[in-house]
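Residue-level structure breakdown
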Amino acid sequence: MPKISEEARQGRRNQILDAARLCFQKEGLHETTMQDIIRASDLSAGAVYSYFKSKDDLIFAAVATSLDDLRTMLDETMRRAPAKSADDLIGLLLPAITKFAARDGYDLRRIALLGWSEAQRSERLRVAIQSHYAAFRADLAKLAASWRPSSNAADADAMAKLLLTVLLGAVVQSAIMGDATAEDIARGLRLLTQA
């Protein structure tokens with residue numbers, strides 16, 4: 001049997017992850033079966049199981065790879081256009097998150113809600129999500145400190161916690177309500193900070 005290239009292997013892995021995310025959004029994490037994912041992937045059971053040994057492995061990979069890709073995109077976005085204030089940052093990142101999350105057949109913001117819920121059950125997933133958010137929050141603290149050079153580390157950490165709360169809350173609100181735009185949230189933050 002000929003070996004497939006690393007690129008083809010990664011493509012097949014992504015095909016399975018996309019099928020899983022599509023099924024997860026449609027049916028939820030626990031209602032989705034491996035058979036559902038196998039059918040949606042258009043691959044054989046053997047092919048799917050050669051990449052992921054269980055549905056828990058698939059759930060973990062679906063969330064973790066999304067977080068990795070999101071982190072890369074956010075880093076590039078912040079590097080290209082450094083924000084000069086909290087509302088500027090929110091106005092920059094939320095449209096980027098919205099664009100990143102929109103996929104063919106599913107929305108990663110809705111998958112995030114499922115992942116956060118699953119992290120309450122899965123210690124492995126909770127630790128992975130916590131690690132991603134802690135690293136991003138540390139970056140936000142550095143950025144917040146640059147806006148207020150007189151702030152100490154505790155102040156920068158508090159500002160970063162608020163910024164992460166706004167970003168994660170915007171993901172929840174957009175997934176559930178669908179009516180809060182990046183402009184609305186950035187404007188609201190600007191109005192609150194100027195009050």
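Residues numbered from 1 in each chain as written. Predicted model: local features only at pLDDT ≥ 70, side-chain atom pairs only at ≥ 80, totals over all residues. Heavy atoms only, no water.

1. Focus: the overall build of the protein chain
Just so we agree on the cut-off: For the purposes of this entry, the term helix denotes a DSSP run of H or I that reaches at least four residues, the term strand denotes a run of E that reaches at least two, and both are numbered from the N terminus. Think of it in three bands: residues with accessible area under 20% of the maximum for their type are buried, residues over 50% are exposed, and the middle band is partly exposed, with areas taken using a 1.4 Å probe on protein chains only. Contacts are assigned to residue pairs with any non-hydrogen atoms lying within 4.5 Å of each other. As used throughout, the charge tally considers Lys and Arg to be positive and Asp and Glu to be negative, leaving His and the chain termini uncounted. One atom stands in for each charge, and that atom is NZ of Lys, CZ of Arg, CG of Asp or CD of Glu.
Across its full length, the protein chain carries nine helices and two strands. Counted from the first residue to the last, the protein chain has its helices and strands arranged as α-α-α-α-α-β-β-α-α-α-α. Along the three orthogonal principal directions, the C-alpha set of the protein chain runs to about 65 × 35 × 30 Å. For the protein chain, buried positions account for 41% of its 195 residues. Taking the intrachain contacts of the protein chain between residues at least 6 apart in sequence as the baseline, contacts between residues at least 24 apart amount to 66%. One finds the centroid of the 26 positive side-chain charges in the protein chain at a distance of 2 Å from the centroid of its 25 negative side-chain charges.

2. Comments concerning the packing of aromatic side chains
Note the following rule: Here a Phe, Tyr or Trp ring, Trp counted by its six-membered ring, pairs with any other such ring whose centre lies within 6.5 Å, and the pair is stacked when the planes are under 30 degrees apart, edge-to-face when over 60, and tilted otherwise. Put simply, a charge is over a ring when the Lys NZ or the Arg CZ is close to the ring centre, within 6 Å, and near the line of the ring normal, within 35 degrees.
The tally for this structure, following the rule as stated, stands at zero aromatic pairs. Seen from the ring of Phe100, Arg103 lies directly overhead, with NZ or CZ sitting 4.7 Å from the centre. Over the ring of Phe60 we find Arg124; its NZ or CZ atom is 3.8 Å from the centre of that ring.

3. Notes on helix H7 (residues 123-147)
Going by this rule: Expected span, for any helix, means 1.5 Å times one less than how many residues it has.
Compared with the 36 Å implied by 1.5 Å per residue over 25 residues, the 36 Å span of H7 between its first and last C-alpha is a close match. Those residues of H7 not exposed but buried are Leu125, Ala128, Ile129, His132, Tyr133, Phe136, Leu140, Ala141, Leu143 and Ala144.

4. Considering the packing of helix H1 (residues 6-27) against helix H6 (residues 108-118)
When two helices pack together, their arrangement is given by the angle between the helix axes and the distance between those axes. Defined as follows: To obtain an axis, a line is fitted to C-alpha atoms, over the contacting stretch when the element is a helix, and the angle between two such axes runs from 0 to 180 degrees between their N-to-C directions. Orientation labels follow simple angle bins: below 35 degrees gives roughly parallel, above 145 gives roughly antiparallel, 65 to 115 gives roughly perpendicular, and whatever is left gives oblique. As a working rule, the residues Ala, Val, Leu, Ile, Met, Phe, Trp, Tyr, Cys and Pro are called nonpolar, Asp, Glu, Lys and Arg charged, and the rest polar, with Gly in that last group.
In contact at an axis separation of 10 Å, H1 and H6 are set at 75 degrees when each is read in the N-to-C sense. In terms of axis orientation, H1 runs roughly perpendicular to H6. Where H1 abuts H6, its residues Arg21, Phe24 and Gln25 lie against Leu108, Arg110, Ile111 and Leu114. Across the contact of H1 with H6, the residue classes break down as four nonpolar, one polar and two charged.

5. Remarks on the side chain of Thr65
Stated precisely, the cut-off is as follows: Definition of a polar contact: a pair of N or O atoms within 3.5 Å, with one able to donate and the other able to accept a hydrogen when the atoms are protein atoms, and with sequence-neighbouring residues admitted only if both atoms are side-chain atoms.
Position of Thr65 among the secondary structure elements: in helix H4 (residues 55-80). Note on Thr65: relative accessible area 18%, which makes it buried. Within the structure, the side chain of Thr65 is placed 2.7 Å from the side chain of Arg21, a separation counted as a polar contact. If we ignore the near neighbours within four places in the chain, the residues touching Thr65 are Arg13, Leu17 and Arg21.

6. Re the side chain of Asp87
Along the chain, the position of Asp87 falls in helix H5 (residues 86-101). Here Asp87 falls in the buried class, since its relative accessible area comes to 14%. Among all residues touching Asp87, those that are not within four sequence positions of it are Ala186, Leu189 and Arg190.

7. A few points about the confidence of the model for the protein chain
How we decide: Confidence of the predictor at the level of single residues is given by pLDDT, which spans 0 to 100.
Averaged over the protein chain, the pLDDT score is 92; the fraction of residues at 70 or greater is 98%. Highest mean pLDDT in the protein chain belongs to helix H2 (residues 34-41) (97); lowest belongs to helix H9 (residues 182-194) (86).

8. A look at the environment of Asp68
Tracing the chain through its elements places Asp68 in helix H4. Residue Asp68 is classed as partly exposed on the basis of its relative accessible area, which comes to 40%.

9. Some details on the pattern of salt bridges
Any two side chains of opposite charge can pair, on the condition that their charged atoms come close. The line we're drawing: Each salt bridge in this description consists of a side-chain nitrogen of Lys or Arg and a carboxyl oxygen of Asp or Glu lying within 4 Å of one another.
Here the structure, examined in full by the defined rule, presents 11 salt bridges. Between Arg121 and Asp56 there is a salt bridge, with the nearest N and O atoms lying 3.1 Å from each other. Remark: Asp56 occurs in helix H4 and Arg121 occurs in the loop between H6 and H7; sequence separation between them is 65 residues. The partly exposed category is assigned to Arg121, whose relative accessible area is 48%. Across the pair Asp57 and Arg124 runs a salt bridge whose closest N-O atoms are separated by 3.2 Å. Note that Asp57 is positioned in helix H4 and Arg124 in helix H7, a separation of 67 residues in sequence. Asp57 sits in the partly exposed class, given a relative accessible area of 26%. Judged by relative accessible area, which is 45%, Arg124 ranks as partly exposed.

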